[in-house]
Amino acid sequence: EAVRDRVDGGVAPSSGDLDTASRTGELLLEIGLPAPADELLTQFAPWLQDDADRLRLLAVTRFEAGRLAAGCATSRRVLRLDPTCVASMHNLALAAQRSGHRRLAWAWWRRGTRLAPEDEGLRRIRTRLVLDEISFGFERGIAAVRSATRAVAAAIRRLAPPAFRT
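Residues numbered from 1 in each chain as written. Predicted model: local features only at pLDDT ≥ 70, side-chain atom pairs only at ≥ 80, totals over all residues. Heavy atoms only, no water.

1. A closer look at helix α7 (residues 102-115)
Stage number 1. Across its 14 residues, α7 extends 20 Å between first and last C-alpha, which sits within 8% of the 20 Å expected from 1.5 Å per residue.
Stage number 2. Taken together, the buried positions of α7 are Ala105, Trp106, Trp108, Trp109 and Gly112. Here the buried residues of α7 occupy an arc of 160 degrees about the axis, which is enough to place them on one side. For α7, the exposed residues set more than 90 degrees away from the buried face come down to Arg103 and Arg114.
Stage number 3. Against α5 (68-81), α6 (86-98) and α8 (120-159) lie the buried residues of α7. (Helix = DSSP H or I, 4+ residues; strand = E, 2+ residues; numbered from the N terminus. Expected span 1.5 Å × (residues − 1). Buried < 20%, exposed > 50% of the residue type's maximum accessible area, 1.4 Å probe, protein only. Arc of directions from axis to C-beta. Contact = heavy atoms within 4.5 Å.)

Structure follows, in structure tokens:
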């Protein structure tokens, strides 16, 4: 509470305060409470701008709390500090996929794969992206069949004798 009062008052937290907040955020995530973790770490965000590890934790809490845009912005900030952060590329690929941006998801996957070709997380993401592509293809195919069915039905109605029209 004392730390929160200092932070709310604009006083920079100590290194120990940041350590405590980070550990508390990690524990909140571990027990399935991402929203409180996000709220806690967001209060410290102004003092995390040059700390890639803590920013990475903040990004995860934001993603887990359902704040995709904030999580993406934080992950991009991590990548400016650490261009080799494959975890941030994971997060950005998954967020892009969830948002329906398949090409962007593939781009983040490729970037991560260039850095860590054996990464298991990237392999799982690839599987998800491939399944997403297959699903999208099926959806397009089904939509085309439905459209063709409607067109054929309309043509039959036009060509049918008046007694058979509905």
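2. What about the packing of aromatic side chains?
Stage number 1. Tallied over the full model, the rule gives one aromatic pair.
Stage number 2. Seen in terms of ring centroids, Trp106 and Trp109 are 5.4 Å apart; in terms of plane orientation they differ by 85 degrees. Their pairing is edge-to-face. In this pair, Trp106 and Trp109 both sit in helix α7, three residues apart, roughly one turn of the helix.
Stage number 3. Classification of Trp106 by relative accessible area gives buried; the value is 17%. (Phe/Tyr/Trp six-rings, centres within 6.5 Å; stacked < 30°, edge-to-face > 60°.)

3. Things to note about the layout of surface pockets
Stage number 1. Estimates place the volume of the largest pocket at around 250 Å³.
Stage number 2. Glu64, His90, Asn91, Leu94 and Arg98 are, among the 14 residues lining the largest pocket, the residues nearest its centre.
Stage number 3. At the level of elements, α4 (52-64), α6 and α8 are the ones that each hand at least two residues to the lining of the largest pocket.
Stage number 4. A total of six residues in the lining of the largest pocket trace back to one element, the largest contributor, which is α6.
Stage number 5. Classifying every residue of the lining of the largest pocket by side-chain character gives seven nonpolar, three polar and four charged. (1 Å grid on protein atoms, 1.4 Å probe; cavity = no way out; pocket = protein on both sides within 12 Å on 5 of 7 lines; lining within 4 Å. Points joined across faces, edges and corners; volume = space filled by probe spheres on them. Nonpolar A, V, L, I, M, F, W, Y, C, P; charged D, E, K, R; others polar.)

4. Remarks on the nonpolar core
Stage number 1. Grouped together as the largest cluster of nonpolar side chains are 31 residues, with contacts concentrated most on Leu58, Leu79, Trp108, Trp109, Leu122, Ile125 and Leu129.
Stage number 2. For this core, the leading source of residues is α6, giving seven residues.
Stage number 3. Beyond its immediate sequence surroundings of up to four residues, Leu58 is in contact with Asp38, Leu41, Thr42, Ala45, Leu48 and Thr74. (Core = buried A, V, L, I, M, F, W, Y, C linked by side-chain atoms within 4.5 Å.)

5. Focus: the environment of Thr84
Stage number 1. Inspection of the secondary structure puts Thr84 in the loop between α5 and α6.
Stage number 2. Separated by 28 residues in sequence, Thr84 and Gly112 have C-alpha atoms that sit 8.1 Å apart.
Stage number 3. Sequence-distant contacts of Thr84, defined by excluding residues within four places in its chain, comprise Met89 and Leu115.
Stage number 4. At a separation of 2.7 Å, a polar atom in the side chain of Thr84 contacts the side chain of Asp82. (Polar contact = N/O pair within 3.5 Å; in protein donor to acceptor, adjacent residues only side chain to side chain.)

6. Focus on the side chain of Ser75
Stage number 1. Looking at the element boundaries, Ser75 is found in helix α5.
Stage number 2. According to the relative accessible area criterion, Ser75 is buried, its value standing at 0%.
Stage number 3. Ignoring sequence-local partners within four residues, the contact set of Ser75 consists of Ala59, Phe63, Ser88, Asn91 and Leu92.

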